[in-house]
Amino acid sequence: MSYQELAFHLEDSASFRAFARLPWGWNPKKSVLHKTISAIRAQTFEEINGVLLASARQEKLESGKVVRVDSTVTAALIHEPSDSSLL
């Protein structure tokens, strides 16, 4: 989910707002969400992942032995390198 989509759902959905514990009347913009989420340290994300994986193992939902990564390819304004462009 992009920051723009997250900002929309936080403004539009009571369940999203309740989960995020946002006060009524406060609607964070995508730039605020980006700055806030970027402030989370890598160690914190590792700890969150560890807790989620332990819970999934306990519930026998996931073993954690295989990792699957999804990605999306998008067009970019970058030309393909060639020998002449590298000189």
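Preceding this paragraph is the structure being described.
No experiment lies behind these values; they were computed from the predicted model shown.

Within the secondary structure, Arg-17 is located in helix H2 (residues 14-20). As a buried residue without a salt bridge, Arg-17 has its nearest oppositely charged side chain in Glu-11, at a separation of 7.2 Å. When sequence neighbours within four positions are dropped, the list of residues in contact with Arg-17 reads Leu-10, Glu-11, Leu-22, Pro-23, Trp-24, Gly-25, Trp-26 and Asn-27.

Okay, the packing of helix H1 (residues 3-12) against helix H3 (residues 30-38) next. Between H1 and H3, the shortest axis-to-axis distance is 8 Å and the interhelical angle comes to 110°. Overall, the two elements H1 and H3 adopt an arrangement that is roughly perpendicular. Crossing handedness for the pair H1 and H3: right-handed. Residue-level contacts link Tyr-3, Gln-4, Leu-6, Ala-7 and Leu-10 of H1 to Lys-30, Leu-33, His-34 and Ile-37 of H3. Here the contact of H1 with H3 is built from residues that sort into 6 nonpolar, 2 polar and 1 charged.

As a further point, take the side chain of Ser-13. Position of Ser-13 among the secondary structure elements: in the loop between H1 and H2. Since its relative accessible area comes to 18%, Ser-13 is described here as buried.

Examined against the element boundaries, Leu-52 turns out to sit in helix H4 (residues 42-58). Exposure remark for Leu-52: the relative accessible area of 56% places this residue in the exposed category. Along the chain, Leu-52 and Ser-71 lie 19 residues apart, while their C-alpha atoms are 21 Å from each other.

Before going further, it helps to spend a moment on the layout of surface pockets. Its boundaries defined by the atoms lining it, the largest pocket holds a volume of some 260 Å³. In this structure, the largest pocket is lined by Leu-6, Leu-10, Phe-16, Phe-19, Ala-20, Leu-22, Trp-26, Pro-28, Val-32, Leu-33, Thr-36 and Ile-37. No other element matches the 4 residues that H3 contributes to the lining of the largest pocket. Considering only residue class, the lining of the largest pocket consists of 11 nonpolar, 1 polar and no charged.

A separate point is unusual backbone geometry. With a phi close to 55°, Arg-21 is a non-glycine residue in the positive phi region. By the secondary structure assignment, Arg-21 is in the loop between H2 and H3. Located in the positive-phi region is Lys-60, a residue other than glycine, with phi close to 60°. Inspection of the secondary structure assignment puts Lys-60 in the loop between H4 and helix H5 (83-86).

Let us look at H1. Within H1, the full set of buried residues consists of Leu-6, Ala-7 and Leu-10. Looking down the long axis of H1, one finds its buried residues gathered within 100° of arc, a one-sided arrangement. Facing away from the buried side of H1, by more than 90 degrees, are the exposed residues Gln-4 and Asp-12. In the core, the buried residues of H1 are packed alongside H2 and H3.

About the cut-offs
- Residues numbered from 1 in each chain as written.
- Predicted model: local features only at pLDDT ≥ 70, side-chain atom pairs only at ≥ 80, totals over all residues.
- Heavy atoms only, no water.
- Helix = DSSP H or I, 4+ residues; strand = E, 2+ residues; numbered from the N terminus.
- Buried < 20%, exposed > 50% of the residue type's maximum accessible area, 1.4 Å probe, protein only.
- Lys, Arg positive; Asp, Glu negative; His and termini not counted.
- Salt bridge = Lys/Arg side-chain N within 4 Å of Asp/Glu carboxyl O.
- Contact = heavy atoms within 4.5 Å.
- Axes fitted to C-alpha atoms, helices over the stretch in contact; angles between N-to-C directions.
- Parallel < 35°, antiparallel > 145°, perpendicular 65-115°, else oblique.
- Left-handed = near helix turned anticlockwise from the far one by under 90°.
- Nonpolar A, V, L, I, M, F, W, Y, C, P; charged D, E, K, R; others polar.
- 1 Å grid on protein atoms, 1.4 Å probe; cavity = no way out; pocket = protein on both sides within 12 Å on 5 of 7 lines; lining within 4 Å.
- Points joined across faces, edges and corners; volume = space filled by probe spheres on them.
- Arc of directions from axis to C-beta.

That is the geometry; function is a separate question.
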